Amino acid sequence: MTDVPPSRWKVVERGRRLEVIDRLSGKAVAQHELPGNAAPGPGRLTGALQSLRPQQTRFDGGGTLTTHPFYDAKGPRTLQLDGGSAALIARVRIAAAVLGMALAVAALAWPWVLLVLVPLLQGSFRKPLRAAATRWLDRVDRENA
């Protein structure tokens, strides 16, 4: 049996980043990056839910969170989170996903249920919820600063 030939590509670390090098040309392979606001699907709500994903940067579960103007009056801003705050945001995301699935199932049986979303997404109803979320985010920002 013969050995497997060496790969055409190799991975090296440069400046705390991994780069793929083509062994034939000796040059780095071009990186294709998506724009920062390339959230899948149209609409502000989809971007708001996508931004509610904290990036874990520490072993204690803490990390950073970039907020969205949909739920943060001072957004977009980047906050440092401790482990407890990151866990709370994870639970909020799970609750929002369960609520969304329940709404989708209910809408299949009773399409008029979608009319409930109209007042929920209007500014007058959302404003107190947004203010409460902003106050909580301000408190988390002060505690972790």
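Scope of this entry: the structure provided in the associated data block.

### A look at the pairing of strand 5 (residues 78-81)
- Across the two faces of strand 5 the burial differs, with Leu79 and Leu81 buried and Thr78 and Gln80 not buried at all.
- Relative to strand 5, strand 4 (residues 63-66) runs antiparallel, the two sharing four bridges. Across the sheet, residue Leu65 finds its bridge partner in strand 5, namely Leu79.

### Considering the nonpolar core
- Core analysis: the largest hydrophobic core is formed by eight residues, namely Leu65, Tyr71, Leu79, Leu81, Ala86, Ile89, Leu137 and Val140.
- Elements supplying a minimum of two residues to this core: strand 5, helix 2 (83-109) and helix 4 (123-144).
- In this structure Leu137 touches Leu65, Thr67, Tyr71, Asp72, Arg77 and Leu79, once residues within four positions along its chain are discounted.

### Remarks on helix 4
- In this model, helix 4 (22 residues) spans 30 Å end to end at C-alpha, consistent with the 32 Å of a helix rising 1.5 Å per residue.
- Within helix 4 the residues assigned to the buried category are Arg126, Thr134, Leu137, Asp138 and Val140.
- Against the buried residues of helix 4 lie strand 4, strand 5, helix 2 and helix 3 (117-121).

### Describing a nonpolar patch on the surface
- Side chains of Trp9, Val11, Leu18, Val20 and Val29 sit close together on the surface and give an oily, nonpolar patch of about 460 Å² of accessible area.
- Secondary structure elements with two or more residues in the nonpolar patch: strand 1 (9-14) and strand 2 (17-22).
- Assessed through its relative accessible area of 57%, Val11 is described here as exposed.

### Notes on helix 2
- Compared with the 39 Å implied by 1.5 Å per residue over 27 residues, the 40 Å span of helix 2 between its first and last C-alpha is a close match.
- If you check which residues of helix 2 are buried, you get Ser85, Ala86, Ile89, Ala106 and Ala107.

### A short note on the environment of Arg14
- Inspection of the secondary structure assignment puts Arg14 in strand 1.
- Since its relative accessible area comes to 46%, Arg14 is described here as partly exposed.
- Once residues lying within four places of it in the same chain are set aside, the contact partners of Arg14 are Glu19 and Ile21.
- Separated by 3.1 Å, the side chains of Arg14 and Glu19 make a polar contact.

### Observations concerning the pattern of salt bridges
- Counting across every chain of the model gives six salt bridges.
- The salt bridge partner of Arg8 is Asp22, with a shortest N-O separation of 2.9 Å. Taken as a pair, Arg8 in the segment before strand 1 and Asp22 in strand 2 lie far apart in primary sequence, 14 residues in all.
- Each of Asp72, Lys74, Arg77 and Asp138 takes part in one network of salt bridges that share partners.

### Re the pairing of strand 2
- Pairing geometry for strand 1 and strand 2, over six bridges, is antiparallel. Bridge assignment links Val11 to a residue of strand 2, and that residue is Val20.
- The turn joining strand 1 and strand 2, which pair antiparallel and follow one another in sequence, is formed by two residues; a positive phi near 60 degrees is taken by Gly15.

### Comments concerning the side chain of Arg126
- Within the secondary structure, Arg126 is located in helix 4.
- The buried charged residue Arg126 lacks any salt bridge, with Asp72 as its nearest oppositely charged partner at 10 Å.
- Within the structure, the side chain of Arg126 is placed 2.7 Å from the backbone oxygen of Phe70, a separation counted as a polar contact.
- Every residue in contact with Arg126, bar those within four places of it in the chain, is listed here: Phe70, Leu120 and Leu121.

Cut-offs used in this document
- Position numbers for residues start from 1 in each chain and track the written sequence from start to end.
- Given that the model is predicted, a residue must reach a pLDDT of at least 70 before its local features are reported, and side-chain atom pairs must reach 80 or more before they are shown or counted; all residues, however, enter totals for whole chains, interfaces and linings.
- Side-chain figures throughout are based on the complete set of non-hydrogen atoms in the structure, without hydrogens or water.
- Only protein chains enter the area calculation, which uses a 1.4 Å probe; residues under 20% of their type maximum are buried, those over 50% are exposed, and those in between are partly exposed.
- The helix count covers DSSP runs of H or I at least four residues long, the strand count covers runs of E at least two residues long, and both are numbered beginning at the N terminus.
- Pairing between strands requires that DSSP locate at least two bridges from one strand to the other.
- We call a set of buried residues a nonpolar core when its members are Ala, Val, Leu, Ile, Met, Phe, Trp, Tyr or Cys and they connect through side-chain atoms within 4.5 Å of each other.
- The criterion used for residue contact is that any of the two residues' heavy atoms lie within 4.5 Å.
- A helix's residues, less one, multiplied by 1.5 Å, set its expected span.
- What goes into a patch is any residue over 30% in relative accessible area without a salt bridge, connected to like charges within 9 Å or, for nonpolar side chains (Val, Leu, Ile, Met, Phe, Trp, Tyr), within 5 Å.
- Residue-level accessible areas treat just the shown protein chains as cover; the underlying method is Shrake-Rupley with a 1.4 Å probe.
- Criterion for a salt bridge: a side-chain nitrogen of Lys or Arg within 4 Å of a carboxyl oxygen of Asp or Glu.
- The definition of a polar contact used here is a pair of N or O atoms within 3.5 Å, where within protein one atom must be able to donate a hydrogen and the other to accept one, and adjacent residues in sequence count solely through side-chain atom pairs.
- Positive charges are assigned to Lys and Arg, negative charges to Asp and Glu, while His and the chain termini are left out of the count.

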